[in-house]
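Fold and contact review
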Amino acid sequence: MADRERSIHEMLKDAPSLNDSCGAVHTGTEGGSLVLGSASSHSIAGGGGGGGGHGAAGGPFGAPNSLPLRNHSAPTTPMSPSSPPSGNGTLSPTDSGSGSLIRTSASKIDSLKNWSISTYKCTRQIMLEKLGKSQRTVDSELEAQIEQLRETQRKYLSILRLTRAFSSHFQHVIVTQHALADSFADLAQKNPELQKEFTCNSETQRNLTKNGELLLNALNFFISSVNTLCNKTIDDTLLTIRHYETARIEFDAYRMDLENTKPELTPSAAALEETQRSYAQHKEQYEKLRSDVAIKMQFLDENRIKVMHKQLILLHNAIAAYFSGNAMALESTLKQFNIKLKSPNAVTGSWLEQ
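Right, let's walk through the structure included here. (Residues numbered from 1 in each chain as written. Predicted model: local features only at pLDDT ≥ 70, side-chain atom pairs only at ≥ 80, totals over all residues. Heavy atoms only, no water.)

Attention shifts here to the overall build of the protein chain. Looking only at helices and strands, the protein chain features seven helices and zero strands. The helix and strand sequence of the protein chain, counted from the amino end, reads α-α-α-α-α-α-α. Out of the 354 residues in the protein chain, the part that is buried amounts to 25%. Taking the intrachain contacts of the protein chain between residues at least 6 apart in sequence as the baseline, contacts between residues at least 24 apart amount to 79%. A total of about 24000 Å² of accessible surface is found on the protein chain, and carbon and sulfur atoms cover 57% of it. (Helix = DSSP H or I, 4+ residues; strand = E, 2+ residues; numbered from the N terminus. Buried < 20%, exposed > 50% of the residue type's maximum accessible area, 1.4 Å probe, protein only. Contact = heavy atoms within 4.5 Å. Areas by Shrake-Rupley, 256 points an atom, 1.4 Å probe, with all protein chains shown as cover.)

What follows is the structure in structure tokens.
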């Protein structure tokens, strides 16, 4: 008897949880639950040899009269005591995280929408300007200064390219003169009858090499300064000018929208107010960038004149001193412009000595 009761308890533990309802047995897809109930009833009925009056539903361990109906197609989420159900008005961490994700997605969608509208309007404005069907805002004085700045940059870049070519060719001349001086010195040792002549030519080439390296230092300093002026200082101002031109196109696009908006055709006052607000915002941005461009171009012009004045004097004095054979004037010019003098054919010392 004890063995039979123990087997019954083990079967009840393996069975699904019972429903508190007192109704009839639920039907549905829970075939396994019904089989277990039938098996339990059968075991009890078959094992009750002494109590023949106990049936499937009338024994002390009768089958349950209500079984849960479970939907196997939907995943079940266990409920912990610490997490209240969502129906009681309290947001769980999962709900707050989902709300934050939805707000972030909505913000990205709004940004993409605004960017698409602005891009469409600017593209339409550019096409209408090219076709002559829209008027563009023009600041004649500022436009002339911008065009002059771009022309100045093109000419300075041409000077920079030619100076680099001159420096490269002149460096090859210096290397050739140095090799020629070494050849003359070697021949002076091997030809005693022409030793004086070879030695004289070797010293001449060495002096030319020394002065040529000084001139090369001056050329490199000139190239570095003009390169900084063209590719950094002027480029920074041109970047601001590009932002200004973009703001001008946006301003004209929203100005045209405002001019084409008719109050009697506007569906609501909110739409007209939004158009006016966008126009005022882009107008303020356009005027701010126009002021920035004017100030930057003024400072750039002053800086350009100062830098080029110094560099042109350096280039003139260095070339004139070199080709006139005035080594003292060449060294003085480099010291005047704080250019470090490099001794010709100098051997770099050990890093321990430095």
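Now that the structure is up, let's keep going.
This brings us to the nonpolar core. Within the largest apolar cluster, 23 residues are counted, with the highest numbers of intra-cluster contacts made by Ile-146, Leu-149, Ile-241, Tyr-244, Val-293 and Met-297. Those elements that place two or more of their residues in this core are α4 (140–190), α5 (195–260) and α6 (269–323). Among the elements that line this core, the one with the most residues is α5, at eleven residues. If near-sequence neighbours (up to four positions away) are discounted, Ile-241 is found in contact with Ile-146, Leu-149, Arg-150, Val-293 and Met-297. Ranked by size, the runner-up nonpolar core spans 15 residues in total, among them Ile-174, Leu-216, Leu-219 and Tyr-322. (Core = buried A, V, L, I, M, F, W, Y, C linked by side-chain atoms within 4.5 Å.)

Attention shifts here to α6. The end-to-end C-alpha separation of α6 is 79 Å, in line with the 81 Å expected for 55 residues at 1.5 Å each. Looking one or two places after α6, you find Gly-325, whose phi comes out positive at around 75°. (Expected span 1.5 Å × (residues − 1).)

Applying the stated rule across the entire model yields seven aromatic pairs. On the numbers, 5.6 Å between centres and 20° between planes, the contact of Tyr-244 with Tyr-286 is stacked. Of the two residues, Tyr-244 sits in helix α5 while Tyr-286 sits in helix α6, which places them 42 residues apart along the sequence. The same class applies to Tyr-244 and to Tyr-286, which are both buried. (Phe/Tyr/Trp six-rings, centres within 6.5 Å; stacked < 30°, edge-to-face > 60°.)

On to the packing of α6 against helix α7 (residues 327–336). The interhelical angle for the contact between α6 and α7, taken along N-to-C directions, is 160°, at an axis separation of 8 Å. By the angle between their directions, the pair α6 and α7 is classed as roughly antiparallel. The two elements α6 and α7 meet at a crossing, and its hand is left-handed. Along the contact surface, α6 presents Leu-314, Asn-317, Ala-318, Ala-321 and Tyr-322, while α7 presents Ala-329, Leu-330 and Thr-333. Along the lines of polarity and charge, the residues of the contact of α6 with α7 split into six nonpolar, two polar and no charged. (Axes fitted to C-alpha atoms, helices over the stretch in contact; angles between N-to-C directions. Parallel < 35°, antiparallel > 145°, perpendicular 65-115°, else oblique. Left-handed = near helix turned anticlockwise from the far one by under 90°. Nonpolar A, V, L, I, M, F, W, Y, C, P; charged D, E, K, R; others polar.)

Here the focus is α7. Of the positions making up α7, those classed as buried are Leu-330, Thr-333 and Leu-334. For α7, the arc enclosing every buried residue in end-on projection is 95°, short of the 170-degree limit, so these residues lie on one face. Relative to its buried face, α7 has exposed residues pointing more than 90 degrees away, namely Met-328, Lys-335 and Gln-336. Of the surrounding secondary structure, the elements contacted by the buried residues of α7 are α5 and α6. (Arc of directions from axis to C-beta.)

Now for the environment of Asn-211. When you line up the elements, Asn-211 lands in helix α5. Take Asn-211: its relative accessible area is 15%, and that puts it in the buried class. Not counting residues within four places of it along the chain, the set of residues in contact with Asn-211 comprises Tyr-322, Ala-327 and Leu-330.

Before going further, it helps to examine the packing of α4 against α6. It is the contact of α4 with α6, at a shortest axis distance of 12 Å, that shows an interaxial angle of 25°. One way to sum up the angle between α4 and α6 is to call them roughly parallel. Judged by the sense of rotation from one axis to the other, the crossing of α4 with α6 is left-handed. Contacts between α4 and α6 involve Leu-142, Gln-145, Ile-146, Leu-149, Thr-152, Tyr-156 and Phe-170 from the first element and Arg-290, Val-293, Ala-294, Met-297, Leu-300, Arg-304, Met-308 and Tyr-322 from the second.

The next point concerns the side chain of Arg-304. Inspection of the secondary structure puts Arg-304 in helix α6. For Arg-304, a relative accessible area of 18% translates into the label buried. Here the side chain of Arg-304 touches Asp-301 through a polar contact of 2.6 Å, side chain to side chain. With residues near it in sequence (within four places) discarded, Arg-304 still touches Thr-152, Tyr-156 and Leu-229. (Polar contact = N/O pair within 3.5 Å; in protein donor to acceptor, adjacent residues only side chain to side chain.)

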